[in-house]
Structures are given as structure tokens and as C-alpha cells.
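Structure assessment
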Amino acid sequence: MHFNSHFNDIAQSYLFSTVAKKVAAYQAANPDKKVLRLGIGDVTLPLAPAVIKALHAAVDDMSKKETFRGYGPEQGYDFLKESIRGYYKSNGVELENDEIFISDGAKSDLGNILDIFSGDNVVLVPDPVYPVYVDTNTMAGRKVIYMNATEQNGFLPMPDYSVNADIIYLCSPNNPTGAAYSKAQLKQWVDYANAKNAVILYDAAYECFITEDNLARSIFQIEGAKTCAIEFCSFSKTAGFTGTRCGYTVVPFALERDGMSANKMWLRRQTTKFNGVPYIVQRGAAAVFTEEGQKQIKANIAVYQHNAKIIADCMDELGVWYTGGKNSPYIWLKCPGGMDSWQFFDYLLENIQVVGTPGAGFGANGEGFFRLTAFGSEEVTKEAVRRIKKLLQK
Ligand code: PLP
């Protein structure tokens, strides 16, 4: 017996554990200081009342013989697919129900989708990036190449025709940089992928934070995307489902290579290895799309957007360079005074007890940058910003 030796190739990520250790050590040495956490990528507001009501009703369904549900369709119930289809339609995208697959979140499907791709595909990933794309491909032994996201390109790398890639990961609005592609920029990526016979794996987990019309909410708003893209989305940040777990993946019928259909392969993969998302959770997710649900989730998103604006305004005032904040819950800032990511982390923790995430933990190009998130309360965000201003305004 041999284990998969590619697991030896995965870089150990000490990012969040090192952050936690440093904060715990600081707090132990300074028990009287109040530490403010702007490093978390998790939501803090509870589920919307409309979602809770639907979850309760679905629990009741399970208690009665007439409405009890056992195994559901692996790819999700039609009632939820229909709601998602309506949402895409409202953004000008026509989908068939069977192009939509309900998942237990974007992370699982971002990893699982690799089952349908050959092991010798070359994978193109932005640096810095959400680590899941690199690690899932490295586990499978695929070659990963990087494209540079930098201050010069606003952390939005564009296609380079001299590079031949088979699988391209795009995440917009991006984690960790908060940068978001315009429709015009995405059109260039779609043209590149179609020209190279490549596929774009498009992570739209933060789509709900988009406020500007020239930015894409879905890659399928771009002409030509249905022949070269798969989209991953999630209720995690949209509706606070990080602990409830539900998302969806769109695999267009038109995505075919060598006479094989990505949609048919993904259906086959899911029916083989997945037994679907719980009925109760899918009912909760469907409530997100009701009039009441939309109103309530938008009110929650507005709280995070307001926090993001408070942080972004602070950076504007201080003259600190940053991306994000406007169409994203993340503010990705350039560490002032030429500090590196970890120096700035220590500087903030020791002087003003504010915790963020060092950019170096997301890739080599993240060095010298720092991520703050808007998922805290308004009170904590305002106090953190007050302290940051006082420290840096010298
Ligand atoms: N994609 C990105 C870019 C994320 O930042 C995250 C979570 O932080 C996910 C996907 C995972 O989302 P889910 O909770 O749906 O698995």
C-alpha cells in the first residue's frame, strides 16, 4: 500500500494558527487589553428570520408521514433550483434547471470538480489567492502555475497569450484582495479560455457584495462564457450560511471538450459520490429568494458593506493604498512605512490591539500587504478604525 505522495507537496499553511497563537500569547501577557478582531472571514450576523421560519417548517415536514423526505435528488430539489434560476434571470442570465447543482458549499465543489478533469491539465492560479485552489490541485498531482496579482495591475491579473493553461481559477470579488473584475475584463478572460480550449473555474462566493453595474455578478453575464466556464457560488456570505452549509455550482450544457459534456460528467460524479444537501437546509436556502428573504439578507449585507466603507474611508484619509472595500467585505491594504506583512501584524497587535491577516499567508505577492475584514460588528469596526487612525496619523 502507498499513500498519495502528492500530500507531501502541499505547503503547510500556518497562517491562521500563527495568528491565533500570537493573539493568545499577547492576550495572556496583557489580560487587561481589549483585542479587536478584523481578521475573521466568517459572518457574525444570524440567519434571516425568513430563513429560520422556512427551516422550522421543513423540520415539521420531516415529522409527518405525508411530508417526510428521505433521499432527495443528488443535484438538489427543483424548488431551490427554480429560485436560483430566477435569480440568474434577474441578472440577465438564462439557465436550465439541470445546469444548476445544489452543493453543501462552494469549497466542496471547488475541490470535487477536479474529478472531471484529466490529471495532466496545467492549472493557472492568481497569486495571492484563496489557498483551496492550489492545495486541491497539488493533492491531485497537477502542475500549478501562477499569474501575478500586484499593486500595478490592481490585483486583477489579465490573460497572457504566451501562457498555455488548461484550468484557470478566477475569484471575483476576490478573497483576499477584494478586487473585482469588470465585465470588460472578464470578456478578455472568456475570449482567452475559448481560444486556448481552457476552462475557467469561476468563484463567485462574494457576488452579493457587488454594488457597481460594470462589474460581473456571474461569469455567465459575459458572452461566450457558457462554452468555457463553471461557476461556484454559495449562501455562506450571501445569507450567513457558513455553518448551515449550502451553495450551488453552474455547469452549462454548452461546455464540451473532445465530445464529452462537463454537465453530464458532473452529474455522473455527483450521483456516484454525493447524496445531496439536506431537505431542511435547501428549504432554508430557498427562503433567501423570497421577497421577505431578499429584504432581510440585503439588510445584513448592508451592515457588512457599511463596515467595509468605514475601513476604506479610514485608508483614504490616511493615504494608504488598498483594493476592495467597495464591492467586497475585504480591504487589502499596503502596509505603511515599508513594513512586511508580519511586522505590520505585530505593530497593530502590540500598539492598538487590532488583529488582521498578513497578506504573505496568501501567496508570495501578498508580502507587504494586509487583509482587514468587514464581518465584525459596527461597534468593533469603528473602534478599530479609531485606533488605526490614531496610530498611523503621525
Ligand atoms: N470561495 C472563497 C473565495 C471563499 O473565501 C470561501 C470561504 O471563505 C469559500 C469559497 C467557501 O465557501 P463555502 O462556505 O460555501 O464553502
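So, a few notes on the structure that sits alongside this text. (Residues numbered from 1 in each chain as written. Predicted model: local features only at pLDDT ≥ 70, side-chain atom pairs only at ≥ 80, totals over all residues. Heavy atoms only, no water.)

Some remarks on the overall build of the protein chain
Looking only at helices and strands, the protein chain features 12 helices and 15 strands. Along the three orthogonal principal directions, the C-alpha set of the protein chain runs to about 60 × 55 × 50 Å. Evaluated residue by residue, the protein chain yields a buried proportion of 52% over its 394 residues. Taking the contacts inside the protein chain whose residues are at least 6 apart along the sequence as the reference set, 73% of them involve residues at least 24 apart. Here the protein chain displays about 17,500 Å² of accessible surface, and carbon together with sulfur accounts for 52% of that area. For the protein chain, the centre of its 40 positive side-chain charges and the centre of its 43 negative side-chain charges are spaced 4 Å apart. (Helix = DSSP H or I, 4+ residues; strand = E, 2+ residues; numbered from the N terminus. Buried < 20%, exposed > 50% of the residue type's maximum accessible area, 1.4 Å probe, protein only. Contact = heavy atoms within 4.5 Å. Areas by Shrake-Rupley, 256 points an atom, 1.4 Å probe, with all protein chains shown as cover. Lys, Arg positive; Asp, Glu negative; His and termini not counted. Charge placed at Lys NZ, Arg CZ, Asp CG, Glu CD.)

Let's talk about the sheet that holds strand β11 (residues 322-324)
The strand order across the open sheet formed by 4 strands is β11-β12-β15-β14, and the pairing between neighbours is antiparallel. Strands with a single pairing partner mark the edges of an open sheet, and in this sheet they are β11 and β14 (357-358). In this sheet, strand β15 (residues 369-373) lies alongside strand β12 (residues 330-334) in antiparallel orientation, the contact comprising 5 bridges. Within the sheet, the bridge partner assigned to Ile-331 lies in β15 and is Leu-372. (Pairing = 2+ DSSP bridges.)

Observations regarding the packing of aromatic side chains
Aromatic ring pairs are described here by two measures, namely the spacing of the ring centres and the angle between the planes. Enumeration over the complete set of coordinates arrives at 26 aromatic pairs. When the ring of Tyr-87 is compared with that of Tyr-88, the centres are 6.4 Å apart and the planes differ by 90°; the resulting orientation is edge-to-face. Take Tyr-88: its relative accessible area is 3%, and that puts it in the buried class. An aromatic cluster is built from Tyr-87, Tyr-88, Phe-235, Phe-241, Tyr-248 and Phe-289, whose rings are joined through pairwise contacts. (Phe/Tyr/Trp six-rings, centres within 6.5 Å; stacked < 30°, edge-to-face > 60°.)

Comments concerning the sheet that holds strand β4 (residues 143-148)
Within the open sheet, the 7 strands sit side by side as β2-β8-β7-β6-β5-β3-β4. Their pairing is mixed. Here the strands that pair on one side only, and so sit at the sheet edges, are β2 (100-103) and β4. Adjacent strand axes in the sheet meet at a mean angle of 20° when their direction is disregarded. Pairing geometry for strand β6 (residues 199-203) and strand β7 (residues 229-234), over 4 bridges, is parallel. Pairing of Asp-203 across the sheet is with Phe-232, part of β7. (Axes fitted to C-alpha atoms, helices over the stretch in contact; angles between N-to-C directions.)

Quick word on the pairing of β4
Summarising the sheet, strand β3 (residues 122-127) and β4 pair through 6 bridges and their orientation is parallel. From the neighbouring strand, Val-125 faces β4, where its bridge partner is Tyr-146. Each parallel crossover has a hand, and for β3 linked through helix α5 (residues 132-139) to β4 it is right-handed. (Right-handed = clockwise from strand over helix to strand, strands pointing away.)

Digging into the nonpolar core
Judged by nonpolar contacts, the single largest core of 68 residues is most densely connected at Ile-168, Ile-200, Ile-219, Phe-235, Phe-241 and Tyr-248. Each of domain 1 (5-47 + 292-392) and domain 2 (49-290) accounts for three or more of the residues forming this core. In contact with Ile-219, not counting residues within four places along its chain, are Leu-186, Val-190, Ile-200, Tyr-202, Ala-225, Ala-229 and Glu-231. If you look at the next biggest cluster of nonpolar residues, it comprises 31 residues, including Leu-38, Met-339, Val-354 and Ile-388. (Core = buried A, V, L, I, M, F, W, Y, C linked by side-chain atoms within 4.5 Å. Domains from an automatic or database assignment.)

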